[in-house]
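Summary of structural features
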Amino acid sequence: MLFAVMLFFPACTAVAQPGTPGKGKRILIAYYSLKGEKKTKKGMMVLPQGFTEQVAMKIQEYTGGDMCHIENKKPYPETYRELKETAKAEWKSGERPELKPLPVNVNDYDVVFLGFPIWFGTFPPAMFTFLQQHDLSSQIIVPFSTSGATVWGHTLEILHRQYPNAVILEGLDLRSLKVKKSDRKIRRWLKKIHIDTVRRQDHSCNK
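Being a predicted model, the structure only gives us computed values, none of them experimental. (Residues numbered from 1 in each chain as written. Predicted model: local features only at pLDDT ≥ 70, side-chain atom pairs only at ≥ 80, totals over all residues. Heavy atoms only, no water.)

1. Observations regarding the overall build of the protein
Definition in use: Helix and strand assignments come from DSSP, with helices taken as H or I runs of at least 4 residues and strands as E runs of at least 2, each series counted from the N terminus. Only protein chains enter the accessibility calculation, which uses a 1.4 Å probe. A residue is then buried if its area is under 20% of the maximum for its type, exposed if over 50%, and partly exposed in between. Contacts are residue-level and defined by heavy atoms, with any inter-residue pair within 4.5 Å sufficient. Shrake-Rupley sampling with a 1.4 Å probe provides the accessible areas, and residues are treated as covered by the protein chains on show and by no other component.
Looking only at helices and strands, the protein has 5 helices and 8 strands in total. Ordered by position from N to C terminus, the α and β elements of the protein give β-β-β-α-β-α-β-α-β-α-β-β-α. When each of the 207 residues of the protein is scored for burial, the buried share is 51%. For the protein, the proportion of contacts with a sequence separation of at least 24, taken over those separated by at least 6, is 82%. For the protein, the computed accessible surface area is about 10300 Å², with 50% contributed by carbon and sulfur atoms.

2. Thoughts on the confidence of the model for the protein
The criterion, for reference: Values of pLDDT, ranging from 0 to 100, describe the predictor's confidence in every residue of the model.
A residue-level look at the protein finds 83% of positions with pLDDT of 70 or above and a mean pLDDT of 82. Ranking the elements of the protein by mean pLDDT puts strand E2 (residues 36-40) last, at 72, and strand E5 (residues 111-117) first, at 97. This stretch, residues 1-22, has a pLDDT under 50; its non-local contacts, to residues over four places away or in other chains, come to 73 contacts.

3. Description of the packing of aromatic side chains
Note the cut-off: Only centres within 6.5 Å qualify two rings of Phe, Tyr or Trp (six-membered ring in Trp) as a pair; their planes then separate them into stacked at under 30 degrees, edge-to-face at over 60, and tilted for everything else.
For the structure shown, the criterion picks out 7 aromatic pairs. Both rings, one in Tyr32 and one in Trp119, keep their centres 6.2 Å apart while their planes meet at 75°; by these two values the pair is edge-to-face. Of this pair, Tyr32 sits in strand E1 (residues 27-32) while Trp119 sits in the loop between E5 and helix H3 (125-133); the two residues are 87 residues apart in sequence, bridging distant segments of the chain. Under the relative-accessibility criterion, Trp119 is labelled buried at 0%. Aromatic pair Tyr76 and Trp119: ring centres 5.8 Å apart, planes at 55°, arrangement tilted. Linking Tyr76 in the loop between strand E4 (66-70) and helix H2 (80-93) with Trp119 in the loop between E5 and H3, this pair joins segments that are 43 residues apart in sequence. Neither Tyr76 nor Trp119 differs from the other in exposure class; each is buried.

4. Points about helix H1 (residues 51-63)
Threshold: The length a helix should cover is 1.5 Å for every residue beyond the first.
Compared with an ideal rise of 1.5 Å per residue, which puts 13 residues at 18 Å, H1 spans 19 Å between its outermost C-alpha atoms and is within 8% of the ideal. All of the buried residues in H1 are Phe51, Thr52, Glu53, Gln54, Val55, Ala56, Lys58, Ile59 and Thr63.

5. Here we look at the nonpolar core
So the rule is basically this: We call a set of buried Ala, Val, Leu, Ile, Met, Phe, Trp, Tyr and Cys residues a nonpolar core when their side-chain atoms join them within 4.5 Å.
The biggest cluster of nonpolar side chains holds 34 residues, and the ones touching the most others in it are Leu114 and Phe130. Elements represented by at least two residues in this core include exactly E1, E4, H2, E5, H3 and helix H4 (155-162). Here this core takes 5 residues from H3, the largest share from any one element. Among all residues touching Phe130, those that are not within four sequence positions of it are Ala30, Ile70, Leu99, Leu102, Val106, Leu114 and Leu136. Counting 23 residues, the second-largest nonpolar core is a separate cluster that includes Ile29, Val111, Val179 and Trp189.

6. Side note on the environment of Tyr31
Along the chain, Tyr31 turns up in strand E1. Among the residues examined, Tyr31 registers a relative accessible area of 0% and is labelled buried. For the pair Tyr31 and Glu71, spaced 40 residues apart in sequence, the C-alpha to C-alpha distance is 8.8 Å.

7. Digging into the pairing of strand E3 (residues 43-47)
What counts, and what does not: DSSP calls a pair of strands paired once it identifies at least 2 bridges connecting them.
Where E2 and E3 come together, 5 bridges link them in antiparallel fashion. Within E3, the residue paired with Lys39 across the bridge is Met44. Adjacent in sequence and paired antiparallel, E2 and E3 are bridged by 2 residues.

8. Considering a positive patch on the surface
Operational definition: Patches were defined on residues exceeding 30% relative accessible area and lacking a salt bridge, with like-charge contacts within 9 Å and nonpolar side-chain contacts (Val, Leu, Ile, Met, Phe, Trp, Tyr) within 5 Å. Should a side-chain nitrogen of Lys or Arg be within 4 Å of a carboxyl oxygen of Asp or Glu, the pair is scored as a salt bridge. Only four residue types enter the tally: Lys and Arg on the positive side, Asp and Glu on the negative side, with His and both chain ends excluded. For this purpose, a charge sits on NZ of Lys, CZ of Arg, CG of Asp or CD of Glu.
On the surface, a cluster of positive charge is made up of Lys41, Lys178, Arg184, Lys185, Arg187 and Arg188. Along the chain, Arg188 turns up in helix H5 (residues 183-192).

9. Some details on the environment of Val106
Within the fold, Val106 resides in the loop between H2 and E5. On the basis of relative accessibility, which here comes to 3%, the residue Val106 falls in the buried class. For the pair Val106 and His134, spaced 28 residues apart in sequence, the C-alpha separation works out to 7.5 Å. The contact partners of Val106, leaving out residues within four places of it in the chain, are Leu28, Val112, Phe130, His134, Leu136 and Gln139.

Below, the structure written as structure tokens:
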């Protein structure tokens, strides 16, 4: 997505065995995504929904999980240039922006899909805040990301370091411009990690 850097790290994630997450588990799809102007290989685009949110909605459709949008308390500018300048300043300073409270308790879920764009070869600053605020050690974590070119960057390495005892399943990384036609790839991935058929949840979380 934004600010992609060509960094490559091995995906040291577990492959689920049959029935590991399994049917009947409570699933949360927690994602960070921004709408507005995006700079892509095809030029500038204005999105009503960010690329990562589009993937999250597809995952929700196939899993029936609850969706939660991780959001900055102070919104970023929607213009690309202003957003890039603000995010770059945060990245350089190590700032961890404050987030809006989530309307659910993350620890009520068995499986947490964690979605994010790749910025500067790593997580957006707000995702670092989220990881620091929530202990996912007892959950099954399923990462997914969007980017312009970078494959995961440092993100998987950071996840394993943050939650050394957690079960982190094989994630899905998608190029931003291929998200719209990614349904088949998402279904294959969900089947591979054995979260392809789960019952719909009774609780919902506002996006």
